[in-house]
Amino acid sequence: MKISLDENEMPDKWYNIQADIDMPPPLNPSTMEPLKPEDMEPIFPREIIKQEMSKERWIRIPEAVREIYAIWRPTPLYRAKNLEKYLNTPAKIYYKWEGVSPPGSHKPNTAVAQAYYNAKEGVERLTTETGAGQWGSALAFASRLFELALTVYMVKVSYEQKPYRRVMMETWGAEVVPSPSNRTEAGRKIIEKYGDVSGSLGMAISEAVEDAAKNEDTKYALGSVLNHVVLHQSIIGLEMKEQFRAIDEKPDVITGCVGGGSNFSGGAFPFIPDVMKGEKIDIIAVEPKACPTLTKGLYKYDYGDSAGLTPLLKMYTLGHDFIPPSIHAGGLRYHGDAPTLCKLFDDGYIKARAYYQNEVFEAAKIFAQTEGFIVAPEAAHAVKAAIDEAIKSKKTGEEKNIVFINSGHGHFDLSAYDAFNSGMLRDYEYPDELIKEALKSLPEV
Ligand SMILES: *Cc1c(COP(=O)(O)O)cnc(C)c1O
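Residues numbered from 1 in each chain as written. Predicted model: local features only at pLDDT ≥ 70, side-chain atom pairs only at ≥ 80, totals over all residues. Heavy atoms only, no water.

In this section: the domain arrangement of the protein chain. The domain architecture assigned to the protein chain consists of domain 1 (43-64 + 107-227) and domain 2 (72-104 + 236-439). Each of domain 1 and domain 2 has a C-alpha centre, and these two points are 23 Å apart. On the domain 2 side, the residues contacting the 27 residues of domain 1 number 32 residues. A combined buried area of about 2,400 Å² lies between domain 1 and domain 2, and 65% of that area is made up of carbon and sulfur atoms. The largest per-residue losses of area from domain 1 upon contact with domain 2 belong to Asn109, Arg165 and Val225, which jointly make up 23% of the total buried on that side. One can count 1 salt bridge joining domain 1 with domain 2. Of the charged contacts in the structure, one is a salt bridge between Lys162 and Asp413, with a shortest N-O distance of 3.7 Å. At the boundary of domain 1 and domain 2, one finds 5 residue pairs in polar contact (both at pLDDT 80 or more). Considering each element in turn, the side of domain 1 that touches domain 2 owes the most residues, 5 residues, to helix α9 (residues 201-213). (Domains from an automatic or database assignment. Contact = heavy atoms within 4.5 Å. Buried area = accessible area lost by both parts, 1.4 Å probe. Salt bridge = Lys/Arg side-chain N within 4 Å of Asp/Glu carboxyl O. Polar contact = N/O pair within 3.5 Å; in protein donor to acceptor, adjacent residues only side chain to side chain. Helix = DSSP H or I, 4+ residues; strand = E, 2+ residues; numbered from the N terminus.)

In this section: the site of the ligand. Near the ligand, the surroundings consist of 17 residues, among which Lys107, Ser224, Gly259, Asn263 and Ser407 are the closest. For the ligand, an oxygen atom lies 2.7 Å from a polar atom in the side chain of Ser262. The separation between a nitrogen atom of the ligand and a polar side-chain atom of Ser407 is 2.7 Å. For the ligand, whose free accessible area comes to 380 Å², the fraction covered by protein is 95%. Grouping the constituent residues of the shell around the ligand by class yields 4 nonpolar, 11 polar and 2 charged. (Near = heavy atom within 4 Å. Areas by Shrake-Rupley, 256 points an atom, 1.4 Å probe, with all protein chains shown as cover. Nonpolar A, V, L, I, M, F, W, Y, C, P; charged D, E, K, R; others polar.)

Estimates place the volume of the second largest pocket at around 480 Å³. For the second largest pocket, the lining is made up of 28 residues, of which Pro26, Glu52, Leu226, Asn227 and Leu313 are closest to its centre. For the lining of the second largest pocket, the secondary-structure elements that each account for two or more residues are α1 (46-53), α9 and β13 (312-317). Of the residues belonging to the lining of the second largest pocket, the class tally is 20 nonpolar, 4 polar and 4 charged. Mapping the lining of the second largest pocket onto the domain boundaries places at least three of its residues in each of domain 1 (43-64 + 107-227) and domain 2 (72-104 + 236-439). (1 Å grid on protein atoms, 1.4 Å probe; cavity = no way out; pocket = protein on both sides within 12 Å on 5 of 7 lines; lining within 4 Å. Points joined across faces, edges and corners; volume = space filled by probe spheres on them.)

Looking at where Glu52 falls in the secondary structure, it is placed in helix α1. One buried charged residue, Glu52, forms no salt bridge at all, with the nearest opposite charge on Lys55 at 13 Å. When residues no more than four places from it in sequence are discounted, the contact partners of Glu52 are Gln18, Met40, Leu226, Asn227 and His228. (Buried < 20%, exposed > 50% of the residue type's maximum accessible area, 1.4 Å probe, protein only. Lys, Arg positive; Asp, Glu negative; His and termini not counted.)

Next comes the structure, spelled out in structure tokens:
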């Protein structure tokens, strides 16, 4: 069963969580003073900077953005009846399916908005980083529709191991550069210091930011973490609310996977005001044990990139030097998380848990064999949490409504499924000593 909305029922405003929480300010890395809007002008367009700092609760979605959203939005909310039957649970399991977008994930929700504001302000080229390629492909798709050039710094291990997303990006007209590269000072320094490394998101961010800052007609776009990204992703949760209203139900449990936190926050934040008013909803963030930012990190100011070029954000972090293991299949490898999500986690509105990758793929396989969709390894973390919650319901007999954000399809992640199917996937938990080591380099504030 699926609950669909008509195109004209698509939300016309985004929800801004900053209206309802007091955020510690981002800091300028050279002065350690709160960041000023003009500090960000070399890399972001003015409207994005305004949204990044806005306390307005509702922000209008431009008509041109809604028109492109309409290619795939509103996305369906599914009831996973076959999975419920398989688990023999009294719980009802729902999932919000973001895999229907052209690039196949939730990421174009913000890519389209960011490309629109950049194009409107006369920017000619965007730069960005990408890990497994989902963000790069989302921005390549969006940039093309607004006739912007795009340079994507792609984490080298993914560039080498995941050619299909690179081909997607190039098909949409983007230039893809393996990172670390010789193109930037940041890249050259990393290669000098570490030699031929497999790369990381933090390194690729350093390169993309530098490229934008040094070129007048070029700006940078980030696919997660920042307030404006989470704002754009709120369309997920706003649609979910409408869809639950349409069937006269409410969620008791909301869960989703967290890389930088954008799909999870986008799905969950529109429900936070209800929780603040006393409604009881369990909101659970799920991460891999290989990158346990919320469950093992510290709530401190840290840089967003490995070179320390970006503003300092107060967030749960594993340290900007954290280099996640390349053996891990999922793309949830960023050292920090969205500051808004971290604040709400710290305040106790949100819970967090971490899983090993084999149990996650086991859940994804059950999902594929009951519901049909082969989900992204990231999204599989949310599937696992939803299954665990449904099993809990079975023990207590509670007829809970469990919803998870199904952030994307796994059609380009089949090598990870192959490794799992053939028993070659290794569980990995990032060792506490290495976390402690990486946390030593947190900046003094
Ligand atoms: C990028 C990505 C994620 C992780 O990013 P968030 O900002 O945490 O949402 C999760 N799922 C899919 C399918 C992705 O492409």
